[in-house]
Amino acid sequence: QVQVVESGGGSVQAGGSLTLSCVASGSIWSIVTMDWYRQAPGKQRELVATSSSGGSTNYADSVKGRFTISRVNAKNPVYLQMNSLKPEDTAVYYCAAKMTDGNHYWGQGIQVTVSA
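Heads up: these notes are all about the structure in this document. (Residues numbered from 1 in each chain as written. Predicted model: local features only at pLDDT ≥ 70, side-chain atom pairs only at ≥ 80, totals over all residues. Heavy atoms only, no water.)

Let's talk about the sheet that holds strand β7 (residues 67-71)
And then number 1: If you walk across this open sheet you meet the four strands as β1-β3-β8-β7, and the pairing is antiparallel. The open sheet has two edge strands with one neighbour each: β1 (2-8) and β7. Mean inter-strand twist for the sheet, computed between neighbouring axes without regard to direction, equals 15°.
And then number 2: Where strand β3 (residues 18-26) lies against strand β8 (residues 78-82), five bridges are found, and the strand directions are antiparallel. Looking across to β8, one finds that Thr-19 is bridged to Gln-81. (Pairing = 2+ DSSP bridges. Helix = DSSP H or I, 4+ residues; strand = E, 2+ residues; numbered from the N terminus. Axes fitted to C-alpha atoms, helices over the stretch in contact; angles between N-to-C directions.)

As structure tokens, this is what we get:
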């Protein structure tokens, strides 16, 4: 079992920045990747950024060059630095721990609102 807790988020004007944090606890040695997803109203949840235990990262095309995922150490905490925010980045953001067996453990989600 893994518990995932997000923090940060809030409201910001377009062009501003926010940092989200995520801490996983429990059986963290089985975590393969730590991922950030988001879900906007009326839309499907989408993968925003991924950080593997080996240090590699991947980003959705919509956030490349603006968002940065990082970790303090191999497991956590995990941060999502979001710069040059746009109104279309408004969503509930979720942190997820992907395990060696393919399962995901999800955080409760955190609201990010970007106003024009």
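Observations regarding the state of the cysteines
And then number 1: For the coordinates displayed, the defined rule picks out one disulfide.
And then number 2: Between the sulfur atoms of Cys-22 and its disulfide partner Cys-95 the distance amounts to 2.0 Å. The sign of the S-S torsion, about -80°, decides the handedness of the disulfide formed by Cys-22 and Cys-95: left-handed. Taken together, the positions of Cys-22 in strand β3 and Cys-95 in strand β9 (residues 91-99) put the pair 73 residues apart, joining distant regions of the chain.
And then number 3: According to the relative accessible area criterion, Cys-95 is buried, its value standing at 0%. (Disulfide = S-S within 2.5 Å. Buried < 20%, exposed > 50% of the residue type's maximum accessible area, 1.4 Å probe, protein only.)

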